[in-house]
Amino acid sequence: MHRVQVWAELSDQHYRAYECEAKRRGVKVEELVEQTVNCLLRELERDEENGCGPEHLISAS
C-alpha cells in the first residue's frame, strides 16, 4: 500500500463541522479528513471493480 500526501479544500462550514466532530472524537481534523478521503477512495475502488467507476460516469456525460 502506498501513502500519498494531498491537500483538501473545505468550505468554512464543512471545516467547522469536521472540527467539532474531531474534537468530539479526540482526534485532529486532519485525521478525520484523512479517514473520510480513504473511505471515499475505497468506495470508488469498489465501484470501479463493479464496472461503475469514474470511466462510467465520464462516458455517460
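Residues numbered from 1 in each chain as written. Predicted model: local features only at pLDDT ≥ 70, side-chain atom pairs only at ≥ 80, totals over all residues. Heavy atoms only, no water.

So, helix α1 (residues 12-25)
Right, so step 1: Along its 14 residues, α1 runs 20 Å from first to last C-alpha, staying within 8% of the 20 Å computed at 1.5 Å per residue.
Right, so step 2: Following α1 by one or two positions, G26 has its phi on the positive side, about 75 degrees. (Helix = DSSP H or I, 4+ residues; strand = E, 2+ residues; numbered from the N terminus. Expected span 1.5 Å × (residues − 1).)

Topic: the packing of α1 against helix α2 (residues 29-49)
Right, so step 1: Their axes nearest at 8 Å, the elements α1 and α2 cross at an angle of 105 degrees. Between α1 and α2, the crossing angle belongs to the class labelled roughly perpendicular. Listed contacts from α2 to Y15, Y18, E19, E21, A22 and R25 of α1 are V29, L32, V33, Q35 and T36.
Right, so step 2: Here the contact of α1 with α2 is composed, by residue class, of 6 nonpolar, 2 polar and 3 charged. (Axes fitted to C-alpha atoms, helices over the stretch in contact; angles between N-to-C directions. Parallel < 35°, antiparallel > 145°, perpendicular 65-115°, else oblique. Contact = heavy atoms within 4.5 Å. Nonpolar A, V, L, I, M, F, W, Y, C, P; charged D, E, K, R; others polar.)

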